[in-house]
Amino acid sequence: MRRRTPPPPSPLPQRDGIDPVRVRLPGEGAWATVREHLVERLTGAGPGVVDGMFDAGLVVGADGRAVAPDAAYVPGMFVWFHRDLPPEVPVPFPLEVVHRDEHIVVVDKPHFLATTPRGGHVTQTALARLRRELEIPTLGAAHRLDRLTAGLVLFTVRPEERGAYQTLFRDRRVRKEYEAVAPYDPALALPRTVRSRIVKERGILTALEVAGEPNAVTHVELVEHRPEGLARYRLVPATGQTHQLRVHLNALGVPILGDPLYPVVTDPVPAGDFRRPLQLLARALEFTDPVTGVEHRFRSGRTLQAWSSYTTWSNQ
């Protein structure tokens, strides 16, 4: 099988920790110029945006030189440009670096900060902020946490090693432990292992449990509870389905405090509303480093606010 030729390196530097967009012109098409293709391809950018980029010399080729608006269309040609990003409300919580070496960076992510750029969260993401703050432009994410979940996230320093660390998560060779605050139900028999089939459809906010072969497995333990009806749970997932922990605790009748999707989808909060964070924390990561062979054991130093001060959390 013929191996694909890797694309040339980007001639543009990152901007605010965000890589430039790379476009490869299709092998077949009726476009006469590069501009014609980008106008058709980037219809969502708005009228006149692509022409403005060409006029300002913002679309460049592999040599770093601006591509002229009338440059002939060449199949397979690469061009680069930076997106004009809308302003984002800063997430006013620090990223705590738990571990850093020449191969990996492990951080303790706050609630409300997305792991990687997606949708309306681009510069205000853990990846973009770490690239800027640590001055490591090659940093990449080995896995992701939901934006609303706090806790430990693993990033890789060297792009050529990223696949080895991602494979750890794919092959379930990372032990992950979570902590959640949810209602206490004295009738709920714990510990137990929850097994179900979870399906998450694109465009639908919530995931669903459906009939069929289980693809989601979570071990649930009660750590402690309080007279006012709250409990702290330890969750050890054996799989990594979208919203798995949230779905499983909700199915047990003890939905996680602050969850805007389970059991009921609530109205979206305004940008910049950082009250009542989801009370879910990625507490621990344990794995054998695939590059160095070191046994890593990392723990988050965060405390879930509804447990440390429920009154403060609930009155925000």
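Residues numbered from 1 in each chain as written. Predicted model: local features only at pLDDT ≥ 70, side-chain atom pairs only at ≥ 80, totals over all residues. Heavy atoms only, no water.

1. Section: the packing of aromatic side chains
The tally for this structure, following the rule as stated, stands at seven aromatic pairs. Residues Phe 112 and Phe 274 carry aromatic rings whose centres are separated by 5.3 Å and whose planes lie at 70 degrees to one another, so their mutual orientation is edge-to-face. Linking Phe 112 in the loop between strand 4 (104-109) and helix 3 (126-134) with Phe 274 in the loop between helix 5 (244-251) and strand 12 (280-288), this pair joins segments that are 162 residues apart in sequence. Like Phe 274, Phe 112 is buried. Aromatic rings pair up to connect Phe 93, Phe 112 and Phe 274 into one cluster. Positioned over the ring face of Trp 307 is Arg 226, at 3.7 Å from the centre of the ring. Arg 276 extends its terminal NZ or CZ atom over the ring of Trp 313, reaching a point 5.8 Å from the ring centre. (Phe/Tyr/Trp six-rings, centres within 6.5 Å; stacked < 30°, edge-to-face > 60°. Helix = DSSP H or I, 4+ residues; strand = E, 2+ residues; numbered from the N terminus. Buried < 20%, exposed > 50% of the residue type's maximum accessible area, 1.4 Å probe, protein only. Lys NZ or Arg CZ within 6 Å of the ring centre and 35° of its normal.)

2. Notes on the pairing of strand 10 (residues 216-225)
Relative to strand 10, strand 8 (residues 192-199) runs antiparallel, the two sharing five bridges. Each residue of the ladder has a partner; that of Arg 195, found in strand 10, is Val 217. Of the strand pairs in this sheet, strand 10 and strand 11 (residues 230-237) are connected by seven bridges, and their pairing is antiparallel. When the sheet's bridge partners are listed, Thr 218 is paired in strand 11 with Pro 237. Where strand 10 hands over to strand 11, the hairpin turn is made up of four residues, of which Gly 229 adopts a positive phi near 100 degrees. (Pairing = 2+ DSSP bridges.)

3. Topic: a nonpolar patch on the surface
Among the surface-exposed residues, Val 199, Leu 208 and Val 210 lie close enough to one another that they form a single nonpolar patch of about 220 Å² accessible area. Relative to the assigned elements, Val 210 resides in strand 9 (residues 208-210). Overall, Val 210 belongs to the partly exposed group, its relative accessible area being 36%. (Patch = residues over 30% accessible without salt bridge, like charges linked within 9 Å, V, L, I, M, F, W, Y side chains within 5 Å. Areas by Shrake-Rupley, 256 points an atom, 1.4 Å probe, with all protein chains shown as cover. Salt bridge = Lys/Arg side-chain N within 4 Å of Asp/Glu carboxyl O.)

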